[in-house]
Amino acid sequence: MSDVKSARPLSPHLSIYRFRPTMAMSIIHRITGSALYVGTLLLVWWLVAAASGPDAFATASAFFGSIIGQLILFGYSWALIHHMFGGIRHFIWDTGQAISKETSTKLAMATIIGSLAVTVILWLGILIFG
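- The name recorded for the chain in an unreviewed UniProt entry is Succinate dehydrogenase cytochrome b556 subunit, from Jiella mangrovi.
- Of the comments in the UniProt record for the chain, the one headed Function (unreviewed entry) reads "Membrane-anchoring subunit of succinate dehydrogenase (SDH)."
- Quoted verbatim from the Sequence similarities (unreviewed entry) field of UniProt, the annotation for the chain is "Belongs to the cytochrome b560 family."

## A look at unusual backbone geometry
Then step 1. In this structure, Ala98 takes a positive phi of about 55° despite not being glycine.
Then step 2. Along the chain, the position of Ala98 falls in the loop between helix 3 (67-94) and helix 4 (101-129).

## Considerations on the packing of aromatic side chains
Two measures describe an aromatic ring pair: the distance that separates the ring centres and the angle between the ring planes.
Then step 1. Counting across every chain of the model gives five aromatic pairs.
Then step 2. On the numbers, 5.2 Å between centres and 70° between planes, the contact of Phe63 with Phe64 is edge-to-face.
Then step 3. According to the relative accessible area criterion, Phe63 is partly exposed, its value standing at 27%.
Then step 4. A connected cluster of aromatic rings, assembled from ring pairs, spans Trp45, Phe63 and Phe64.

## Regarding a nonpolar patch on the surface
Then step 1. A grouping of Phe74, Val120, Leu124, Leu127, Ile128 and Phe129 is seen on the molecular surface, where their side chains present a nonpolar patch of about 660 Å² in accessible area.
Then step 2. Relative to the assigned elements, Val120 resides in helix 4.

## Topic: the packing of helix 1 (residues 21-52) against helix 3
Then step 1. With their axes 8 Å apart at the nearest point, helix 1 and helix 3 run at an angle of 130° to one another. When the axes of helix 1 and helix 3 are compared, the pair comes out oblique. Classified by chirality, the crossing of helix 3 by helix 1 is left-handed. Contacts between helix 1 and helix 3 involve Met25, Ser26, Ile28, His29, Thr32, Gly33, Ala35, Leu36, Gly39, Thr40 and Leu42 on the former and, on the latter, Ile72, Tyr76, Trp78, Ala79, Leu80, His82, His83, Gly86, Gly87 and Arg89.
Then step 2. Taken together, the residues of the contact of helix 1 with helix 3 sort by class into ten nonpolar, ten polar and one charged.

## Quick look at the UniProt feature "transmembrane region" (unreviewed entry) in the chain
Then step 1. In this numbering, the UniProt entry assigns the feature "transmembrane region" (unreviewed entry) to residues 27-48, 60-81 and 107-129.
Then step 2. Overall, residues 27-48 shows 100% helix and 0% strand. The separation of its end C-alpha atoms is 32 Å.
Then step 3. Helix makes up 100% of residues 107-129 and strand 0%. Its end C-alpha atoms lie 31 Å apart.

Criteria and thresholds
- Residues numbered from 1 in each chain as written.
- Predicted model: local features only at pLDDT ≥ 70, side-chain atom pairs only at ≥ 80, totals over all residues.
- Heavy atoms only, no water.
- UniProt positions renumbered as here; feature names shortened; annotations may be inferred.
- Helix = DSSP H or I, 4+ residues; strand = E, 2+ residues; numbered from the N terminus.
- Phe/Tyr/Trp six-rings, centres within 6.5 Å; stacked < 30°, edge-to-face > 60°.
- Buried < 20%, exposed > 50% of the residue type's maximum accessible area, 1.4 Å probe, protein only.
- Patch = residues over 30% accessible without salt bridge, like charges linked within 9 Å, V, L, I, M, F, W, Y side chains within 5 Å.
- Areas by Shrake-Rupley, 256 points an atom, 1.4 Å probe, with all protein chains shown as cover.
- Salt bridge = Lys/Arg side-chain N within 4 Å of Asp/Glu carboxyl O.
- Axes fitted to C-alpha atoms, helices over the stretch in contact; angles between N-to-C directions.
- Parallel < 35°, antiparallel > 145°, perpendicular 65-115°, else oblique.
- Left-handed = near helix turned anticlockwise from the far one by under 90°.
- Contact = heavy atoms within 4.5 Å.
- Nonpolar A, V, L, I, M, F, W, Y, C, P; charged D, E, K, R; others polar.

Here it is as structure tokens:
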């Protein structure tokens, strides 16, 4: 075995890749998937509090009604919607459609724009209609 180290990297190095929207969506899809675990734990807390009685439910409701709670709920709803749109994008790819570089980039951009738009519309609806 030689003690001489090769000048070549062992695997493709990040510096040879050009950052693309599809790469960003892949990373964000993983992040939102992880965030959904935390958000689901908060949902379980709210449901358990509702089943535990008025005092526990009032505590959970006060938290979710606070500014920080509302920001968490907004982020959770965006993560859920974005993750769903990412899943739809992958389903489209699984059918063999929209896999060219140009089309997949457009679909990646549509995923982020669509998820933000739907989240804002959802929250405007909540604010307007209560």
